[in-house]
Structures are given as C-alpha cells and as structure tokens.
Amino acid sequence: MIKYILKRLWHSGILAIVMSLIVFFGLYVVGDPVEMLSDDEFTEQDKIELAIELGLDKPLYEQYFTYTGGMLQGDFGTSFVYNRPVLDLIMERLPATLEISLLAMVIGLGIGIPLGIFSGIKNNSRASKIISFFTTVGYSTPNFWQAIILIMVFAVFLQWLPASGRGLTNSMFGIEWAWLSLNGLQHMALPAINLAIYKICMQQRLAKSGTQEILYQEYMTFARAKGITRNRIIRRHLLRNILIPIVTITGLEVGGLIAFSTVTETIFSWPGIGKLLLDSIHMIDRPVVVAYLILITLMFVFINFVVDVMYAFLDPRIRHQK
Amino acid sequence: MKHINFKTVCFVGLFASMMGSVYADTLRMAYSVAPKTIDPYKSSASATASLNEHLYEALVSRTNEKLLATSYGWTDDTTLVVNLRKGVKFHNGADFTAEDVIYSSCRMMYRVGGKKNMLTSAMGPVTDVVAIDDYTVAFKTVGLYPILIQKLKSLSILDSGDADLGPTLKFDNTGDCGITRYPTKDEFATGKYANGTGKYKYESFENTGDAVLVRNDNYWGEPGNWDRVEMTSVANSGARMAGLLAGDYDLIENPTGEDLLALEGNSAYSYSTMPSWRTIFLILDVGSDVAPGVRATDGSNPLKDIRVRQALSLSIDRDAIVDKLMGGNATVASQFAPSYQDGADSSMPDMAYDADKARQLLAEAGYEPHHISIDLRMPTAKYQNGTRVGQAIAQYWSRIGINVTLVAEPWSVFRKGRSARELGVFMYGWGHPQGPAQMISYAFGTRNKALNLGGSNYSNYTDPDYDAAMAAWAVETDEAKAFEYNQAAMRIAVRDLPGIPLYYQHSIWAHTSDISVIGRPDERTFADMATKN
Amino acid sequence: MIDYKKKLAPLSLQTKSIFSGHPIAIAGLIGFVMFVLIALLAPWIAPQNPYDLMVLDIMDGLLPPLSKLGNGTTSWLGTDAVGRDILSAVMYGLRLSLFVAFIATTVGSLIGVFLGLLAAVKGGWVESVIMRAVDLKVSFPGILLALMMLAIFGTGVDKIIYALIIGVWASKARLTRSSALSEMQKEYIDAARISAIPNWRIMLKFLLPNSIAPVLVMIPMSLSGCIGAEATLSFLGVGVPITEPSLGLLIANGNDYLLSGKWWISIFPGVVLVSLVLCINVVADRIREHNNPFLKSMNMQ
C-alpha cells in the first residue's frame, strides 16, 4: 500500500512538473504580459521598467526556475494583474467554487441515486423508461445550453431566481460563504442546478445499471429465495453494493465538477476560481494560471487517494485484506 | 424605495426577513470590468479608476471642472502654479493643504512594495513640486510641457497624515522625498488608507471587484446622491442585463445595443446614452514596402497609393453600421477623434460613402478586382459589437473587389502581434480624456522621443507638415493656439488616411425607472450620474 | 488456432441485431444519418454560403424567420446580426461541428489504438512511457486541458481539432492495451511469435482485429463528447473563427440577443445541437448495452 502511495506521489509530481512547463512556456508564446498591462501612452522606457519589475527581463528558463523555486517554498508568486499573492486570490475564491460544486453534488446524488435504483428495480415500467429518456436528454445537453435555458426561464421569464453574482455572503470559520443567507442561496440555485443536472443524469444511469447487475447476481436470488423482505434486500445488499462504483465515480467527478465550473461560473458570473482562471488566461496573468493548474493537479491526486481509501472501506474483500 | 424583486420575495416568503439589509438610498451598480485595487496610482485601467474616483479627487476633473484646484496658470515656460481649494477635509477629518499635493506626487512615484505604479506619466517631466503657501502649489517641469494640467487629472490626492513625512518634504522622482514611512501595500489594501476627499467613503472592497461605499457627509461641495453604493462587476453583458431585469442591480453599464430592445416597452426600466470620447478606426500600414497581411498581384504595398486608401474608406457605409449594428448608439466619424470633443474642428464633414467611386479609384490605381488581398485583424471581445463591425467592413471591401480575410483574435494575441508590427491592417479604438490631439500625436506622428510623439505609429506614416503641426502643438501653452495646431494636423491625417476613421462609440447605461441617469463621455460609471426620481 | 476472426461478423448483420426491437435507438440512428446527410450536402442545399462575406449584407441583419432578404429570397429561420441566413448557418455549422468531431475522434482513436498496441507488444520502457502519459491525461479534466491548449495555440478549426484529439486518445490506448494483453495470452500469438513473424505483423494481423471491438463500441460516445466539447469551447470564444461559426458559436452569437426577443439566432442551432448529440447518445447506449455480455444474458432471461 505504501509503495502504491509513493508511486502515486511520484506520478503526480511528474504531472505537476509537466503541467507547469507546458503552461509557463505556452503562455510565453501567446502574448506579452507587459503589452497587456501597458497603456497606449506607455513609452518604451515605461515598458522596460515594467518588464524588470515583473521579472520578465530575465531569460525564460530563469523565470521558470525562480517561479517554481518560490512555489516549493509555498510562494505561488504575485499576480501581474491584481498585484496580490496568487495563493490569496485563489483561496479567497475557492469557497465560492466549492459551495456550488458540493451543492451540485448533493443534489446530484440525492436525486440521481434514488431515481437510478428505482428505474433499475422497475426496469420495464413506463416510469423507468421515461426517467431514463429524460436523463439521456439531460446528459446530451451541453452545460452552457442548459445554463442559457435556466437563465431564460427562471431569471428572465419567471423572475424567481437571480441570474448572476453571488449575492450576500456571511462569514463562517473566517471564510465568506453564500449558503449562509437566503439571498446567497438564491444566487447559488441556478449555477448549482446547472452543474447538478449532468450529475443527476450520470448518477441515475450508474445506479440503474449497478442495480440491475446486482439484482441478477446469485446471492440476490438466494436472498429472495430465503424469503427476506424486499426492503431489507434493498437496504442490506443492494445499496451497499451499488455504492462502490458510485463512490469511485463520484470522487473522480468532484474534480470534474470543479473543472466544469469554469463554464458555469463564466455564464453566471459566479466569482469562483474557474472564472478567475478564464480571466487570467485572457490577461496572460501567468502566475495565476500556473498556480491554478498545479493546485488543481494536487487536488486531483488527493481526491484519487481519498477515493481509494473509501473504496477499500466499502468493499469488504479489500477491507479485510491484510 | 429599494427595488427588491417582488416575486422573489413571495417565492421564498418565509425567509424574506433574512434578505440582506436594505438601506434607504442604496444604489447597486454592476460594472462590466472588475476594479482591481483601491490604490489610485496602481492601475490605469478604466474600471479601477471609476471606483477610485468615488473615493479620491484630483485637482481638475476629467471634464475640466475644478475640483481641488480653484485656478491655475503658467507663470513661466516651466512653472505651473495651482491655487488650491480651502476648507476641504479628507474622510478621516484631516484638512487638505499643499503638503498633501506634494505627498501625493511623491506617492505616485514611490514604489509601493518595490513596484512602480502604472500611473506615473503625469510626473514624467516634473522636476519639483513646491508649496508656495498652504493653499498654493507650483509644479516645475524640465521643459515646455503644456499638457501637464491634463496629465494631472490622474493625480488623486491622498492625505499626507497617513505617512510619516520626516523633517523635510522635498519632491523627487523616486518618491523618496524624505518620507520615513509610507503605508505598505497590505496596509493600503485594508482600506484604512483609502482616505481621499471624494464624495464617497470606503466601506469594503473585495478582490473580485465588489465594493461598498457610503456617502461622505463632510464633502466640500454638493454631497453625493446616495447613502450607500454597492458595486459589483459582471463581465458577461447578457448576465448583467439579466441581473438588472431580475432586480439584482439598479444600474448597469455597457448593456449591448440588442439588450436595449428588451427594455423598450417595459416601463420598469430605462436607459441613457452619451456619446463617448472613444473613436473606432482602422490603421493601415502606409509606409512599409511590404505591409504584413496585405498582398497585391504586383507584389507592391497597395496601401501606399492614396487612391487605394480612399477607396477602402469610401466603400464603407458607416451609416448602415451605426443604424443596423450599433442600434444608433454611435456617431459616424468625421476625423480620428470625436468632433464634439473640446478642441476638435467640428465643421469637418462626415466620412463619405460611395462604393462606385471606390471601384473607380481602385481601377485608376491599376488594381483589377481580386488583385488585392487584405487580412483585416481585430481583437475579439474588446469593442461594442466589434467583431460584427469587422464582418461588415469585410463585406464592404469584398464588394469593391478586394479579397478580405477577417482575423479576430483574443486581445492578448492581438496586442502581441501589434507590438511585433505584424498587423498591416487592423481595427482599434482609442478614447482620450486629454483632448483630440492625444491620439493622433501617438498614432501618426514621426517618432519623436523628446516630444513624445509617434509612440504608437503602426501606420509607419510620416509627413513633414503633419509633424510640424504636432511639434508646435506639443509646446504650445496657449490653449486656443494648441487647438489650431491640432486641427491642422487632424485635417492632414484625414486627407492622407494613414488610417480610416469609422465611428464614435456611445456609452450606454441601463437602469430601473426609479432613477435618472446622465452619463459621462469618458466611459466611466460614477454613482452620482444617477439620481433618484 | 484459427478462431481469431470470430468477432468480426458482417456489419449489416450486427447492425440488425443491435437495433431490432429498439425503436428509440432506430430513431436515433435515422436522425443521425439525416444530420450527416444535411452536413454533407450543405453546400448544395443551403440557400446561402454563410461563410462567404461577399454574399452577406448587414442590411439583412436580425430578420425574424420567414422574412424576405434584400436579394428576394426567403430566410426561413431568420438571420443573424451580419445578415447570415440562420438555416444556412445551421447547416454549415452542423457540417463544421461534425467534421471537427469526426476528424478528432478518428485521429484520436487511431493514435490511441496504435499506442495501446505498441505498449502491449513492446512492453518495457515504451509501455511505461505510454501508460504514464495516459495516466497524465486521464487524471486531468479534458475541458481544462482543451482550454489551456487553445489559450496557448490560439483559435481556429485546426487548433480545436488538436485540442479534441488530446482528449480522445488516452482512454482508447488504455482499452486497446488491456484487450491486446489478454489476447496475447492466447496460444496462437505464442505460435506466431515462435514462427518469427515480426511484431508489426502480429499487431496488424492478430491483435488489431481482436482488440478493436471495445474501441469501436466507444466511438459514438467519443463523437458526441467531441461535438459537445467543440460547442462549449466555441461558445466560450476560444473555438472556431467568427467568420465560420459552428453550432456553439452560433449559440454564443445569438445569446447576446436572447433578452431582446431575437430567439431564433440561438434557439435553432441549440435545438439542432441537442438533437444531434441526443441521437448519437441513444445509438451509443444501445451499442454499449448490446456489447455488454452481462446485460445481454440478462435480457435473455
């Protein structure tokens, strides 16, 4: 197990290095941060001074080592645009992304799994077919198109929910959250639903096929033959067993959610890290983009690790292995 | 009263009391770009300046009204004397005096946290700032620098009491000035030193660009219209408009012309427009033997031929662009700066449209249809309807027989290409508070470092008469004469067409009907543009 | 020994056994074929070439469906701001979206299959490098990777194809390798190796036919994934150029006008996009279900 973890860490280290190289040198090709930050009235001298200040006068490889060297000591650099530490920028916006992603996750699991188990058990019922059809439509609809429709229906025509921004935030553990106030929750609703629709559909499909697979396994037939009640079968055998694939996929999908929030945050002007990333790409704010991608990489490593542990916990065959 | 969306409240009636506290006179504004900082010198970006203008004031406003100055004048070629307003107090209660002007000049040049400020051009040729008495200050320049008073519009005045000044305060170009301690970057970011004389006081600012301001009740003039101003920024124009319609904001800037149609027939909302100082124009490389992205069958640079440039200009139906694409929210250009700006020659005729004459001129110049190919380069997501206008110009040019490829790139890629001089023909927009001369002095002058002319001459244009007029303008302290030189230069530019003027953008603000808005020409959004009905 | 071609039943027969008795899947297939036909024939059946700026006229801009254009023709689905006929734009957009997705899926799958086979046959460091690269790719969200790619290399039809290929190849490589490895356990491969048949012949002749089936099953899924990704990237403004709108870019253009009631610019491309992806997904689901031996046995019960 330890060997496995070490190997994982080694691979993620390489991943982080490759990512930072690609992004750092790639962004160098795209544009010149000095050009992006300077006015039309800047003189050549102004531009040279600005370049020196940002450390952009040095050879690129030197800039790269200076930057990554700082990063190893926990200094992710200073944003060219905001002139503030990148880590602060990201950490201030992370809660916004986390709260809609987690809410979307809760909605996705809470609705998707019951629907999936239901349609798995009653596979041939009309209701199951209708549910399955709708989830197919749901996951065939691109995220941004769902967002447009949600805004048009709920914000513009019905005027039930706000279409943009985060609304009021309240402090908890020194972090600003939107879900602590009604106004904040209202602002969260549409972006979270936008992220959740895909989740619901995926979970429904996973839970459905999982249910079907388990229902036809021998021990289930056996349990039925023993006369165990239907509810008990579902509780004892079904739920636990379909949870395994769901936990795996869900874990991996948390990362996907945070990544996909880029699109959702952009459309709903939700001030999270996804929107920060897109803005920074446009402004060639290199420290922010590099730091974001490396942090995301680290997060993925962590999530994969947690998933493995959860997996071991849920599957008795692995749990009891010594 | 406050505009809370009624349906929203009903929908969630139970918890309505938990809604955010609502102030008597609160204005909620949505910017299109997020302000980055509350340090007034750190960034030259318009959104940041808009926010900071609520907190801080300069000697003279952007529209030439006197703020902290009551009068000014050149006593000799290199001395500008400014008389300061008396009885002005900073937000913290301190009195405004000449010392604060010197301190602010130093703070502008000072490298906070080792970093140079973006807004230092005002102090460029200034050698000294001295207090003649508590309410008179003199700026000394290294040579003739008539536009100093224009440049000083970016010198926001801060309270010298926020720093430890040391025994003698003496201006120098490093911002050292004998000052023993400036507030640090982090201290400034807390808002404690966001201490100006403006109509609004700092309450909070987030790095997302959200800010809350409250009225400065001790303002020296007419106090602000609002008890409280809440600013946020929403980059997507559709989302901004949806936010207005959903009751999240009272006032939004830069709605698209299309969105305005949605407001028509809805009595709850309204909009205001104001012709802005931004001109949208094309730049043509008229000087290079081979212009990048411009090809002619004979291998020459066809843009060197004035007839070709005239043809390109004549082929564009600017009225149609203004009516159909801009929804009427633009003015057809007569020159490279708005004809309604102070100092412009307003008698110049609009740029003409005559496609037949354009074809004839091309033929006279010896170019048959499809003999000229042009890559028209432009930035995406930069100007109102920009890419649509680009497509319209491509349509017009292709109709007179020019092969056009429209290349729209992200701003970052575009800027890099422009600084590498890889763009032979491109679309650009320039809005200038310092008068119509500024843009053409950078864009079309022959490179002249001493007078700071021609720094952005991507046309590679050079003309002795033009340069003479611009050089005379650059050192003329008499405003009327400066205007004349500038108008002469503008007429030469429009005759020679090193670029093609298209139109002047209008700024638009959409808002609820319970407020009235009178906009500004400098594309900034200020809370006091709005008044409650 | 000679059972290695058993999985390749005639296509027509396979198609029949996959679709018979599944009306929704049949509808999906018909829909998909129809979309492909429209895309292929667009230059001949579209009323206008929406990519040719010469035939567009801004005076025809923003006309609602069923309006007459300046040249006397009728615009059935209305026009966009620069006078592009939406019906034509949707046909060409469909063509572009399908083209991009087809190329990306095909090239990406070919690269994936090749690398997967190579990893299986060569082993050693070759396998190690390939599989690490697969891990790299799989552990990172595709949309982020594509965004970065396009930010770095700029936009354009070719660039978006590269970005999508990077999203496609990895899972194919992994799948091919594992089925090739299990195939290599079989005796006939040993026999082939002993008789000194070169590696590339083993790859082509034995491994390829036998390990490609699971990849083929995944192709429709990849196709719809690519269509969705291209639309998303173009919607965000980092995809195809503005003068050659795909479905995603048409929606983005129209999105600016939705609030002002000019719904046709966005809604028609949107409906086509969703229908297209839905058709492919319905077919993909059916093919997957058909190829899942467990579900098959269950259906027989």
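Residues numbered from 1 in each chain as written. Chains lettered and ligands numbered in written order. Predicted model: local features only at pLDDT ≥ 70, side-chain atom pairs only at ≥ 80, totals over all residues. Heavy atoms only, no water.

Participant: Account for the overall build of chain C, with residues named and values stated.
Facilitator: Looking only at helices and strands, chain C features twelve helices and two strands. When the helices and strands of chain C are listed from N to C terminus, the series reads α-α-β-β-α-α-α-α-α-α-α-α-α-α. Across its three principal axes, chain C shows a C-alpha extent of roughly 75 × 45 × 30 Å. Here chain C holds 301 residues, and 55% of them are scored as buried. (Helix = DSSP H or I, 4+ residues; strand = E, 2+ residues; numbered from the N terminus. Buried < 20%, exposed > 50% of the residue type's maximum accessible area, 1.4 Å probe, protein only.)

Participant: Got a sec to walk through the environment of methionine 36 of chain A? Specific residues and values, please.
Facilitator: As for its placement among the helices and strands, methionine 36 of chain A is situated in helix H2 (residues 33-37). Note on methionine 36 of chain A: relative accessible area 8%, which makes it buried. Setting aside chain neighbours within four positions, we find methionine 36 of chain A in contact with His282, Met283 and Ile284 of chain A together with Trp411, Ser412 and Arg415 of chain B. (Contact = heavy atoms within 4.5 Å.)

Participant: Outline the nonpolar core, supporting the account with residue identities and numerical values.
Facilitator: Within the largest apolar cluster, 287 residues are counted, with the highest numbers of intra-cluster contacts made by Leu59, Phe139, Ile321 and Trp397 of chain B. The greatest single-element share of this core, amounting to twelve residues, is contributed by helix H3 (residues 86-122) of chain C. Counting residues in each nonpolar core, the second largest holds 14 residues, with Val113, Met184, Ile189 and Ile202 of chain C among its members. (Core = buried A, V, L, I, M, F, W, Y, C linked by side-chain atoms within 4.5 Å.)

Participant: Tell me about the sheet that holds strand E5 (residues 136-141) of chain B, and please be specific about residues and values.
Facilitator: Residue and element names in this part refer to chain B. Pairing in this open sheet of four strands is antiparallel, and the strands run E2-E3-E5-E4 from one edge to the other. Sheet topology places strand E2 (69-76) and strand E4 (126-133) at the edges, where each strand pairs with a single neighbour. Between one strand and the next, the sheet's axes are offset by a mean angle of 20°, whatever the strand orientation. (Pairing = 2+ DSSP bridges. Axes fitted to C-alpha atoms, helices over the stretch in contact; angles between N-to-C directions.)

Participant: Please set out the pattern of salt bridges residue by residue, giving values where relevant.
Facilitator: Residue and element names in this part refer to chain B. The tally for this structure, following the rule as stated, stands at 34 salt bridges over all chains. Between arginine 62 and aspartate 522 there is a salt bridge, and its shortest N-O distance comes to 2.9 Å. Of the two residues, arginine 62 sits in the loop between helix H2 (46-55) and E2 while aspartate 522 sits in the loop between strand E17 (515-517) and strand E18 (530-532), which places them 460 residues apart along the sequence. As a salt-bridge pair, aspartate 496 and arginine 495 come within 2.9 Å of each other at their nearest N and O atoms. Ionic contacts of the salt-bridge type, sharing partners, join the residues Glu53, Arg62, Arg520, Asp522 and Arg524 into one network. (Salt bridge = Lys/Arg side-chain N within 4 Å of Asp/Glu carboxyl O.)

Participant: Describe the interface of chain B and chain C, naming the residues involved and giving the relevant values.
Facilitator: The interface of chain B with chain C comprises 25 residues on the first partner and 18 residues on the second. Counting each side, the surface lost to burial between chain B and chain C is near 2100 Å², with a carbon and sulfur contribution of 61%. Linking chain B to chain C there are one salt bridge. Close ionic contact of aspartate 57 of chain C with arginine 399 of chain B constitutes a salt bridge, the shortest N to O distance being 3.5 Å. Linking chain B with chain C are six residue pairs in polar contact (both at pLDDT 80 or more). Secondary structure elements with two or more residues in the side of chain B that touches chain C: helix H6 (237-245), helix H7 (257-263), helix H9 (318-325), helix H11 (386-399) and strand E14 (403-409) of chain B. For the side of chain B that touches chain C, the element with the most residues is H11 of chain B, which contributes nine residues. Split into classes, the residues belonging to the side of chain B that touches chain C amount to 13 nonpolar, seven polar and five charged. (Buried area = accessible area lost by both parts, 1.4 Å probe. Polar contact = N/O pair within 3.5 Å; in protein donor to acceptor, adjacent residues only side chain to side chain. Nonpolar A, V, L, I, M, F, W, Y, C, P; charged D, E, K, R; others polar.)

Participant: Which residues make up the packing of helix H10 (residues 247-255) of chain C against helix H11 (residues 264-291) of chain C, and what are the values?
Facilitator: When two helices pack together, you describe them by how their axes are tilted relative to each other and by the distance separating the axes. All names here are of chain C. At a minimum axis distance of 7 Å, the contact between H10 and H11 shows a crossing angle of 150°. One element, H10, and the other, H11, form an angle in the roughly antiparallel class. Crossing hand, H10 versus H11: left-handed. Between H10, through Leu247, Leu250, Ile251, Gly254 and Asn255, and H11, the contact on the second element is made entirely by Ile265, Ser266, Pro269, Gly270, Val272 and Leu273. Residues belonging to the contact of H10 with H11 are distributed by class as follows: seven nonpolar, four polar and no charged. (Parallel < 35°, antiparallel > 145°, perpendicular 65-115°, else oblique. Left-handed = near helix turned anticlockwise from the far one by under 90°.)

Participant: Any chance you could break down a negative patch on the surface for me, citing the residues and the numbers?
Facilitator: Residue and element names in this part refer to chain B. Where like charges cluster on the molecular surface, the negative patch consists of Asp342, Asp478, Glu479 and Glu484. Within the element layout of this structure, aspartate 478 appears in the loop between helix H14 (464-474) and helix H15 (479-496). Looking at aspartate 478, the relative accessible area reads 35%, which means it is partly exposed. (Patch = residues over 30% accessible without salt bridge, like charges linked within 9 Å, V, L, I, M, F, W, Y side chains within 5 Å. Areas by Shrake-Rupley, 256 points an atom, 1.4 Å probe, with all protein chains shown as cover. Lys, Arg positive; Asp, Glu negative; His and termini not counted. Charge placed at Lys NZ, Arg CZ, Asp CG, Glu CD.)

Participant: Any chance you could break down helix H6 (residues 126-140) of chain A for me, citing the residues and the numbers?
Facilitator: The end-to-end C-alpha distance of H6 of chain A is 21 Å, a good match for the 21 Å that 15 residues give at a rise of 1.5 Å each. Looking only at H6 of chain A, the buried set comprises Ser128, Ile131, Ser132, Thr135, Thr136, Gly138, Tyr139 and Ser140 of chain A. Those residues of H6 of chain A hidden inside the fold are in contact with helix H5 (86-121), helix H7 (143-157) and helix H8 (182-215) of chain A together with helix H9 (213-235) and H11 of chain C. (Expected span 1.5 Å × (residues − 1).)

Participant: For the confidence of the model for chain B, give the residues involved together with the corresponding values.
Facilitator: Regions with low pLDDT carry predicted coordinates that are not meant to be interpreted in detail. All names here are of chain B. This prediction gives chain B a mean pLDDT of 89; 95% of its residues lie at or above 70. Averaged pLDDT values for the elements of chain B fall to 38 in helix H1 (residues 6-11) and rise to 97 in helix H8 (residues 306-314). Contacts for the low-pLDDT stretch residues 1-23, under 50 throughout, to residues beyond four places or in other chains number 34 contacts. (pLDDT = per-residue confidence, 0-100.)

Participant: So what's going on with the side chain of serine 179 of chain C? Residues and values would help.
Facilitator: By the element assignment, serine 179 of chain C lies in helix H6 (residues 157-184). Of the polar contacts made by the side chain of serine 179 of chain C, one reaches the backbone oxygen of leucine 175 of chain C; its length is 2.9 Å.

Participant: So what's going on with the packing of aromatic side chains? Residues and values would help.
Facilitator: Summed over all chains, the structure comprises 30 aromatic pairs over all chains. Where phenylalanine 414 of chain B meets phenylalanine 426 of chain B, the ring centres are 5.7 Å apart and the plane angle is 75°; that geometry is what we call edge-to-face. One end of the pair, phenylalanine 414 of chain B, is in helix H12 (residues 411-419); the other, phenylalanine 426 of chain B, is in strand E15 (residues 425-431), and twelve residues separate them in sequence. Of the two residues examined, phenylalanine 414 of chain B and phenylalanine 426 of chain B, each falls in the buried class. Note on tryptophan 263 of chain C and phenylalanine 268 of chain C: the rings are 5.5 Å apart at their centroids and 55° apart in plane angle, and the pair reads as tilted. Assessed through its relative accessible area of 40%, tryptophan 263 of chain C is described here as partly exposed. Exposure remark for phenylalanine 268 of chain C: the relative accessible area of 22% places this residue in the partly exposed category. Among the aromatic residues, those joined into a cluster by ring pairs are Phe281, Phe336, Trp411, Phe414, Phe426, Tyr428, Trp430, Tyr442, Phe444, Tyr458, Tyr461 and Tyr466 of chain B. The ring centre of phenylalanine 24 of chain A lies 4.9 Å from the NZ or CZ of arginine 286 of chain A, which sits over that ring. Between the NZ or CZ atom of arginine 107 of chain B and the centre of the ring of phenylalanine 188 of chain B, over which it lies, the distance is 4.9 Å. (Phe/Tyr/Trp six-rings, centres within 6.5 Å; stacked < 30°, edge-to-face > 60°. Lys NZ or Arg CZ within 6 Å of the ring centre and 35° of its normal.)

Participant: Please set out the environment of methionine 202 of chain A residue by residue, giving values where relevant.
Facilitator: Here methionine 202 of chain A lies in helix H8. Of the residues examined, methionine 202 of chain A reaches a relative accessible area of 24% and is grouped as partly exposed.

Participant: Tell me about the interface of chain B and chain A, residues and numbers included.
Facilitator: Taken together, the contacts link 48 residues of chain B with 49 residues of chain A. A buried area of about 4200 Å², summed over both sides, lies between chain B and chain A, and 51% of it is on carbon and sulfur atoms. At the junction of chain B with chain A, the criterion picks out one salt bridge. Going through the elements one at a time, H1, H6, H12, E15 and helix H13 (436-443) of chain B are the ones with two or more residues in the side of chain B that touches chain A. Looking at the side of chain B that touches chain A, the element that brings in the most residues is H12 of chain B, giving seven residues. Residues of the side of chain B that touches chain A, tallied by class, amount to 19 nonpolar, 16 polar and 13 charged.

Participant: How would you sum up the state of the cysteines? Please name residues and give values.
Facilitator: All chains considered together, the criterion is met by one disulfide over all chains. Disulfide pairing is shown between cysteine 106 of chain B and cysteine 177 of chain B; the S-S distance is 2.1 Å. Handedness here is read from the sign of the S-S torsion; for cysteine 106 of chain B and cysteine 177 of chain B, about -105°, the answer is left-handed. With cysteine 106 of chain B in helix H3 (residues 98-109) and cysteine 177 of chain B in the loop between helix H4 (148-151) and helix H5 (185-189), this residue pair connects regions lying 71 residues apart in the sequence. Across this residue pair, the class does not change: cysteine 106 of chain B and cysteine 177 of chain B are buried. The thiol of cysteine 201 of chain A is not disulfide-bonded; the next cysteine sulfur, from cysteine 279 of chain C, is found 17 Å away. (Disulfide = S-S within 2.5 Å.)

Participant: Give a description of unusual backbone geometry that names residues and reports values.
Facilitator: Residue serine 269 of chain A is not a glycine yet carries a positive backbone phi of 50°. With respect to the secondary-structure elements, serine 269 of chain A resides in the loop between helix H10 (230-268) and helix H11 (273-283). By relative accessible area, which is 6% here, serine 269 of chain A ends up buried. In the Ramachandran plot, asparagine 254 of chain B falls in the positive-phi region, its phi being about 50° despite a non-glycine side chain. Its location among the elements puts asparagine 254 of chain B in the loop between strand E9 (251-253) and H7.

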